[in-house]
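Now for the letters of each chain:
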Amino acid sequence: NAGVTQTPKFQVLKTGQSMTLQCAQDMNHNSMYWYRQDPGMGLRLIYYSASEGTTDKGEVPNGYNVSRLNKREFSLRLESAAPSQTSVYFCASIGPNTGELFFGEGSRLTVL
Amino acid sequence: QQQVKQSPQSLIVQKGGISIINCAYENTAFDYFPWYQQFPGKGPALLIAIRPDVSEKKEGRFTISFNKSAKQFSLHIMDSQPGDSATYFCAASMGESSASKIIFGSGTRLSIRP
């Protein structure tokens, strides 16, 4: 049981380049989330998908887009990367009854 | 009013000592208070959680103390071990059914000295 799987684990981009972070979960969870983690800032919600076919903005959505491809997969896209998007990105899904968030191992993105 | 303030930012404790991390919130609508533990290079994982209808919850060496009137809650790690060295996040939410309502604290980096 892999839980939440994120790819890639590391990525270096130049300003203006685009890329997509992939996320898949095998726990049959309805809701999935993308967070970014920056030093001293905790975890901030970028976008979430309450169920297949729906997506909504979180606290810091600017510069990002998402796609809920199916129940398992939720991708995060940076259309034109900026140095301010240098961060560690975490995908998560939530257990239906416990409220427990299950996180992937993170994707470390550096924008030069 | 949506913030969760966490302190200290970093903490060093001797092996066997008690580690204490504090959090404060403003929104009285919060009704679920989880703590997450994160090891380097890994994603956060749920450690322990509490609802405001109890003042304390204990799981092994980990205890949450909750003060509803002061709008504060804390994590106590008894007999701290080097393996407890990690970053800890407190959080608060209005209902536990959706992570879109979870607000995280800024995190505490805990180091346990052998």
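Residues numbered from 1 in each chain as written. Chains lettered and ligands numbered in written order. Predicted model: local features only at pLDDT ≥ 70, side-chain atom pairs only at ≥ 80, totals over all residues. Heavy atoms only, no water.

**Notes on the overall build of chain A**
- Broken down by element type, chain A carries 0 helices and 11 strands.
- Mapped in sequence order, the helices and strands of chain A form the string β-β-β-β-β-β-β-β-β-β-β.
- Expected size for 112 residues packed as a compact globule is a radius of gyration near 13 Å; at 13 Å, chain A falls within 12% of this value.
- For chain A, the C-alpha atoms occupy an extent of roughly 40 × 30 × 25 Å along the three principal directions.
- Taken across its 112 residues, chain A has 48% of its residues classed as buried.
- In chain A, once contacts between residues fewer than 6 apart in sequence are set aside, the share between residues at least 24 apart is 53%.
- Total accessible area on chain A stands at roughly 5,300 Å², and carbon and sulfur atoms take up 48% of it.
- Positive and negative charge centroids in chain A, built from 10 and 9 side chains respectively, lie 6 Å apart. (Helix = DSSP H or I, 4+ residues; strand = E, 2+ residues; numbered from the N terminus. Rg over C-alpha atoms; globule rule 2.2 N^0.38 Å. Buried < 20%, exposed > 50% of the residue type's maximum accessible area, 1.4 Å probe, protein only. Contact = heavy atoms within 4.5 Å. Areas by Shrake-Rupley, 256 points an atom, 1.4 Å probe, with all protein chains shown as cover. Lys, Arg positive; Asp, Glu negative; His and termini not counted. Charge placed at Lys NZ, Arg CZ, Asp CG, Glu CD.)

**Things to note about unusual backbone geometry**
- With an omega of -5°, the peptide bond running from Thr7(A) to Pro8(A) counts as cis.
- Positionally, Pro8(A) belongs in the loop between strand E1 (4-7) and strand E2 (10-13).
- In this model, Ser7(B) is joined to Pro8(B) through a cis peptide bond whose omega is -5°.
- Note on placement: Pro8(B) falls in the loop between strand E1 (4-7) and strand E2 (10-14).
- Phi angles above zero are rare outside glycine, and Asn28(A) is one such case at about 60°.
- The topology assignment puts Asn28(A) in the loop between strand E3 (19-25) and strand E4 (32-38).
- For Lys71(B), which is not a glycine, the phi torsion comes out positive at approximately 55°.
- Mapping Lys71(B) onto the fold places it in the loop between strand E7 (62-67) and strand E8 (72-77).

**Quick look at the packing of aromatic side chains**
All names here are of chain B.
- Per the counting criterion, the structure on display carries 15 aromatic pairs over all chains.
- With centroids separated by 4.8 Å and ring planes inclined at 50°, the aromatic side chains of phenylalanine 33 and phenylalanine 66 adopt a geometry described as tilted. Pair noted here: phenylalanine 33 is in strand E4 (residues 33-38) and phenylalanine 66 is in strand E7, with a separation of 33 residues, a long-range link. Each member of the pair, phenylalanine 33 as well as phenylalanine 66, is classed as buried.
- In this structure an aromatic cluster arises from ring pairing among Tyr25, Phe30, Phe33, Trp35, Phe66 and Phe73. (Phe/Tyr/Trp six-rings, centres within 6.5 Å; stacked < 30°, edge-to-face > 60°.)

**Focus: the sheet that holds E8(B)**
Residue and element names in this part refer to chain B.
- Taken in spatial order, the 5 strands line up as E1-E3-E8-E7-E6 in an open sheet, and their pairing is antiparallel. Each edge of the sheet is formed by a strand with only one pairing partner; in this case those strands are E1 and strand E6 (56-59). Each neighbouring strand pair of the sheet contributes to a mean axis angle of 15°, computed without reference to strand direction.
- Note: E6 against E7, 4 bridges, orientation antiparallel. From the neighbouring strand, lysine 58 faces E7, where its bridge partner is threonine 63. (Pairing = 2+ DSSP bridges. Axes fitted to C-alpha atoms, helices over the stretch in contact; angles between N-to-C directions.)

**Re the confidence of the model for chain B**
- Summing up the model confidence of chain B, the mean pLDDT is 92 and the portion of residues at 70 or higher is 93%.
- When mean pLDDT is compared element by element in chain B, E8(B) scores highest at 98, while strand E10 (residues 102-104) of chain B scores lowest at 88. (pLDDT = per-residue confidence, 0-100.)

**Some points on the interface of chain B and chain A**
- In this assembly, 19 residues from chain B lie in contact with 19 residues from chain A.
- Carbon and sulfur atoms make up 55% of the surface buried where chain B meets chain A, a total of about 1,600 Å² over both sides.
- Remark: the boundary between chain B and chain A carries 1 salt bridge.
- One salt bridge in this structure joins Glu105(A) and Lys42(B), with 2.9 Å as the shortest N-O distance.
- For the pair chain B and chain A, the number of links is 3 residue pairs in polar contact (both at pLDDT 80 or more).
- Only E4 and E10 of chain B provide two or more residues apiece to the side of chain B that touches chain A.
- In terms of residue class, the side of chain B that touches chain A is made up of 8 nonpolar, 9 polar and 2 charged. (Buried area = accessible area lost by both parts, 1.4 Å probe. Salt bridge = Lys/Arg side-chain N within 4 Å of Asp/Glu carboxyl O. Polar contact = N/O pair within 3.5 Å; in protein donor to acceptor, adjacent residues only side chain to side chain. Nonpolar A, V, L, I, M, F, W, Y, C, P; charged D, E, K, R; others polar.)

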